[in-house]
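Chain and residue survey
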Amino acid sequence: MTRIDDNPSGAGSAVTVRGLVKHYGETRALDGVDLDVREGTVMGVLGPNGAGKTTLVRILSTLITPDTGSATVAGYDVLRQPRQLRRVIGLTGQYASVDEKLPGWENLYMIGRLLDLPRKTARARADELLERFSLTEAAKRPTSTYSGGMRRRLDLAASMIGRPQVLFLDEPTTGLDPRTRNEVWAEVTSMVGEGVTVLLTTQYMEEAEQLASELTVVDRGKVIAGGAIDDLKAKVGGRTLRVRPADPLRLRALAAHLDGLGITGLASTVVDTETGSCLVPILSDDQLTAVVGAVTALGVTIGSITTELPSLDEVFLSLTGHRASAPQDTVPAETREEVAV
Amino acid sequence: MSAATVTPPGTADARIPLRGHLRHTGALIRRNLLWIRQDPESMFDALLMPIVFTLLFVYVFGGSIGQALGGGQDGYVQYVIPGMIAMMSMTLSQGVGTGFSQDFNSGVMDRFRSLPIGRGSVLFAKISVELTRMLFATAVLMIVAVLVGFHITSWTGLLGAVALSTVFASSIMWVFLTLGVVLKSAQSVQAMGFLVLFPLQFGSSIFAPTQSMPGWLQHFTDYNPLSTLADAARGLMVGGPVAHDLWITLGWSVAITAVMAPIAIHKFRTKS
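The structure displayed is predicted, hence computed values, not measured ones.

Moving on, we come to the overall build of chain A. Across its full length, chain A holds eleven helices and 15 strands. Within the span of chain A, comprising 341 residues, buried residues form 47% of the whole.

Spelled out as structure tokens, the structure:
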């Protein structure tokens, strides 16, 4: 791994967090968080609302100071070297933090000047980034006329002006429709391709899987799990296969059959009466094939078959035994009942 | 090479050179000026308020107050216009508070605070732009004033009155900056500003002499900086005693700035 020589403590670690605590009155927003993000990787921080994700990002981007604990970003201490630190980070907040009254181009030019780029360079950089984020046509329009996706893209462009070493993305796709979300994901992936280290917070397992190589799961200000995303997926049960028989009357028979097979060796098959389908937890493609084979062998006509990633709620259930502490209005609640075998 | 050469990370000096501060402040002033270009309606208050208030006071109250003063409506014009300069600068200085509040709520302030700029640049740019708006409003006011019959007897006096109002308004801006940082919405800043300004403006010698007011109110108006500002402006523009009111107004400006500027800066720096 290449090391940056003038990076005082950077032993390949772009972000180092030790024992971070932050109180808001009675609430412990962060309750002793440790975290390491290796250079050039994407760390996903997964947790429900109120888990402390935003507090963590705000401390790392020097917007607030921790009560106790320490953190460095690109080797710079958040408390002792905030100015140097700000020069090497990019921040995209939960809400698009661009100036709505300014046109897109002016937003980028202003940030370029605030980052001490000479006028000519700032102009060129604004043009270049608008082009790259497909916003050239909207360059002269006030940002308030942009769609949600355009605004988020402009926000990403704004974070990239200073060619940051570390990029903080605080719930970059919350509130976006699926198509726009895919656009943002594609942009983030291409930024990572340029060697930027990313710390991304999210409420969606799907987003974490799409973008991150490593995952830290937080709840009530504490890290409750962490590691490579594949290991965690194995821990929480990987995907769920959803099989809907064409004939709803065959549902229970199908569920009982699949449960009796014991292919996956995991939690039992679940019947979702609302959608008339069976949910089978699977860990590997082999298991997936085996389950599909078993369904075929039973002679049940399949109406639809899909695989799903576990929701945040399910991840929490498997990791902690309790549901995510804050109400999850973003994740649809599913009505389920256990199959009596 | 130019001074703008980017320092490589790791060796970057934490201190921002003066040129850097000027560059940052310049970029932020440009931002505020672009707001006006995008949304010219935001200048309506600075344009219309002097017109509406001058016409209102001169033609609605001017006759009767002027009669009591012994100079009729024309006499009242000479009386009220210097006071209006004081009032205008007060009312418009609210803009720094509402503007700041909007920046905090929209997340733009987070962006600024995550950039390697001095936080003072953000304050300074806002104050400069609002002072410019205030001078624009004062110019409009003077044009209307001349149209309704105000005689400018001394240009130096006029400049002095405008300068004094600007000094006092910049001290009041710290109060509104604090409100803008502390209060949650721009609406509450405006409501709070109204509550503070309204009694100060009307409980003063801006619109009418205070002799006919009850004693307890006179005590208030005598120490109200808006009275002393209005009286000093009147003395400078149309003649009369100046020194006493001038010193009291300057004293207030220094005192308000000394107390409120550190509070505003502290609240601004530590706001999470």
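Further remarks concern the overall build of chain B. Looking only at helices and strands, one finds ten helices and zero strands in chain B. Its helices and strands taken in sequence order, chain B reads α-α-α-α-α-α-α-α-α-α from the N to the C terminus. Radius of gyration (C-alpha) of chain B: 21 Å, near the 19 Å computed for a compact globule of 272 residues. Taken over the C-alpha atoms alone, chain B extends approximately 75 × 35 × 35 Å along its principal axes. Here chain B, with 272 residues, has 43% of them falling under the buried criterion. Looking at chain B alone, contacts between residues at least 24 apart form 76% of all its contacts between residues at least 6 apart.

Two orientations exist for strands paired in a sheet by backbone hydrogen bonds: parallel and antiparallel. All names here are of chain A. Pairing is antiparallel in the open sheet, where four strands are placed in the order E2-E1-E4-E5. The sheet is open, and its two borders are formed by strand E2 (27-38) and strand E5 (76-77), each paired with just one other strand. Bridge count between strand E4 (residues 68-73) and E5: two bridges; the pairing is antiparallel. In the sheet register, Val73 faces E5, and the bridge partner there is Tyr76.

A few words now on the UniProt feature "domain: ABC transmembrane type-2" (unreviewed entry) in chain B. What UniProt calls "domain: ABC transmembrane type-2" (unreviewed entry) maps, in this numbering, to residues 41-271 of chain B. A distance of 30 Å separates the end C-alpha atoms of residues 41-271 of chain B, which is 83% helix and 0% strand.

All names here are of chain A. Backbone geometry places Ala74, a non-glycine residue, at a positive phi of 50°. Looking at where Ala74 falls in the secondary structure, it is placed in the loop between E4 and E5. Residue classification places Ala74 among the buried positions, given that 26 C-beta atoms sit within 10 Å. Here the phi dihedral of Ser134 falls at roughly 50°; this positive angle occurs in a residue that is not glycine.

Another aspect to go through is the packing of helix H9 (residues 225-238) of chain B against helix H10 (residues 243-270) of chain B. Residue and element names in this part refer to chain B. At a minimum axis distance of 8 Å, the contact between H9 and H10 shows a crossing angle of 135°. In this view, H9 runs oblique relative to H10, as classed from their interaxial angle. Both H9 and H10 take part in a crossing whose hand is left-handed. Here Pro225, Thr228, Leu229, Asp231, Ala232 and Gly235 of H9 lie close against H10, whose contacting residues are Asp245, Leu246, Ile248, Thr249 and Trp252. Of the residues assigned to the contact of H9 with H10, the class counts are six nonpolar, three polar and two charged.

Right, let's talk about the UniProt feature "transmembrane region" (unreviewed entry) in chain B for a bit. Residues and elements named next belong to chain B. UniProt annotation of "transmembrane region" (unreviewed entry) refers to residues 47-70, 76-96, 134-152, 158-182, 189-208 and 246-265 when read in the numbering used here. For residues 134-152, the end-to-end C-alpha separation is 20 Å, with 74% helix and 0% strand making up the annotated structure. For residues 246-265, helix accounts for 100% and strand for 0%, while the C-alpha atoms at its two ends are 27 Å apart.

All names here are of chain A. Ordered by their spatial adjacency, six strands build an open sheet running E6-E7-E8-E3-E9-E10, and the pairing between neighbours is mixed. Two strands bound the open sheet, and with one partner strand each, they are strand E6 (89-92) and strand E10 (222-228). Averaged over all pairs of adjacent strands, the angle between their axes in this sheet comes to 15°, without regard to strand direction. The strands touched by helix H1 (residues 53-60) within the sheet are strand E3 (42-46), strand E7 (166-170), strand E8 (197-202) and strand E9 (214-219), with E7 carrying the most contacts at an inclination of about 150°.

Moving on, we come to the packing of helix H3 (residues 72-106) of chain B against helix H6 (residues 155-182) of chain B. Residue and element names in this part refer to chain B. Remark: H3 packs on H6, axes separated minimally by 8 Å, with the N-to-C direction vectors making an angle of 30°. Taken as axis vectors, H3 and H6 run roughly parallel relative to one another. Between H3 and H6 lies a crossing whose hand is right-handed. In contact with Pro82, Ile85, Ala86, Ser89, Met90, Ser93, Gln94, Val96, Gly97, Thr98, Phe100 and Ser101 of H3, H6 contributes Ala161, Val162, Ser165, Thr166, Ala169, Ile172, Met173, Phe176, Leu177, Leu179, Gly180 and Val181. Partitioned by chemical class, the residues of the contact of H3 with H6 number 15 nonpolar, nine polar and no charged.

Here the focus is the confidence of the model for chain A. On average, residues of chain A score 83 in pLDDT, and 86% of them are at 70 or above. Low pLDDT, under 50, characterises residues 326-341 of chain A; the predicted model gives this stretch 28 contacts beyond four residues in sequence or across chains.

Take the pairing of strand E13 (residues 277-282) of chain A next. All names here are of chain A. Most of E13 sits inside the fold, with six of its six residues counted as buried. Of the two faces of E13, both are covered, the one formed by Ser277, Leu279 and Pro281 as well as the one formed by Cys278, Val280 and Ile282. As defined by bridge partners, strand E12 (residues 270-272) adjoins E13 across three bridges and the pair is classed as antiparallel. Residue pairing in the sheet places Val271 in a bridge with Cys278 of E13. Connecting the antiparallel pair E12 and E13 is a turn made up of four residues, with Gly276 showing a positive phi of about 65°.

One finds Val73 and Leu108 of chain A together with Ala233 of chain B to be the most contacted residues of the largest nonpolar core, which totals 138 residues. The element contributing the most residues to this core is H3 of chain B, with 15 residues. Counting 13 residues, the second largest nonpolar core, distinct from the first, contains Leu251, Leu254, Val280 and Ile282 of chain A.

Turning to the confidence of the model for chain B, a few remarks are in order. As a note on interpretation, predicted positions should not be read in detail where pLDDT is low. Residues and elements named next belong to chain B. When pLDDT is averaged along chain B, the result is 87; 94% of the residues meet or exceed 70. Ranking the helices and strands of chain B by mean pLDDT puts H6 first, with 93, and helix H2 (residues 44-69) last, with 87. Per-residue pLDDT stays below 50 along residues 1-12; that stretch engages in 15 contacts with residues further than four places along the chain or on separate chains.

Next up on the list: H2 of chain B. Residue and element names in this part refer to chain B. For H2, spanning 26 residues, the distance from its first C-alpha to its last is only 33 Å, which falls clearly below the expected 38 Å at 1.5 Å a residue. Inspection of H2 places Ala46, Pro50, Thr54, Phe57, Val58, Gly62, Ile65 and Gly66 among the buried residues, and these make up the whole buried set. If you follow the buried residues of H2, they end up packed against H3 and helix H5 (119-147). Positioned one or two residues after H2, Gly70 has a phi angle of 95°, which is positive.

Moving on: the environment of Leu279 of chain A. Residue and element names in this part refer to chain A. Within the element layout of this structure, Leu279 appears in strand E13. A residue is classified by how many C-beta atoms lie within 10 Å of it, and Leu279, with 20 of them, is buried. Put simply, Leu279 and Thr306 are 27 residues apart on the chain and 9.7 Å apart in space, counted from C-alpha to C-alpha. Filtering out sequence-adjacent residues up to four positions away, Leu279 remains in contact with Thr240, Arg242, Thr269, Val270 and Asp272.

Calculation criteria
Residues numbered from 1 in each chain as written. Chains lettered and ligands numbered in written order. Predicted model: local features only at pLDDT ≥ 70, side-chain atom pairs only at ≥ 80, totals over all residues. Helix = DSSP H or I, 4+ residues; strand = E, 2+ residues; numbered from the N terminus. Buried ≥ 20, exposed ≤ 12 C-beta atoms within 10 Å, placed from the backbone. Rg over C-alpha atoms; globule rule 2.2 N^0.38 Å. Contact = placed C-beta atoms within 7 Å. Pairing = 2+ DSSP bridges. UniProt positions renumbered as here; feature names shortened; annotations may be inferred. Axes fitted to C-alpha atoms, helices over the stretch in contact; angles between N-to-C directions. Parallel < 35°, antiparallel > 145°, perpendicular 65-115°, else oblique. Left-handed = near helix turned anticlockwise from the far one by under 90°. Nonpolar A, V, L, I, M, F, W, Y, C, P; charged D, E, K, R; others polar. pLDDT = per-residue confidence, 0-100. Core = buried A, V, L, I, M, F, W, Y, C linked by C-beta atoms within 7 Å. Expected span 1.5 Å × (residues − 1).

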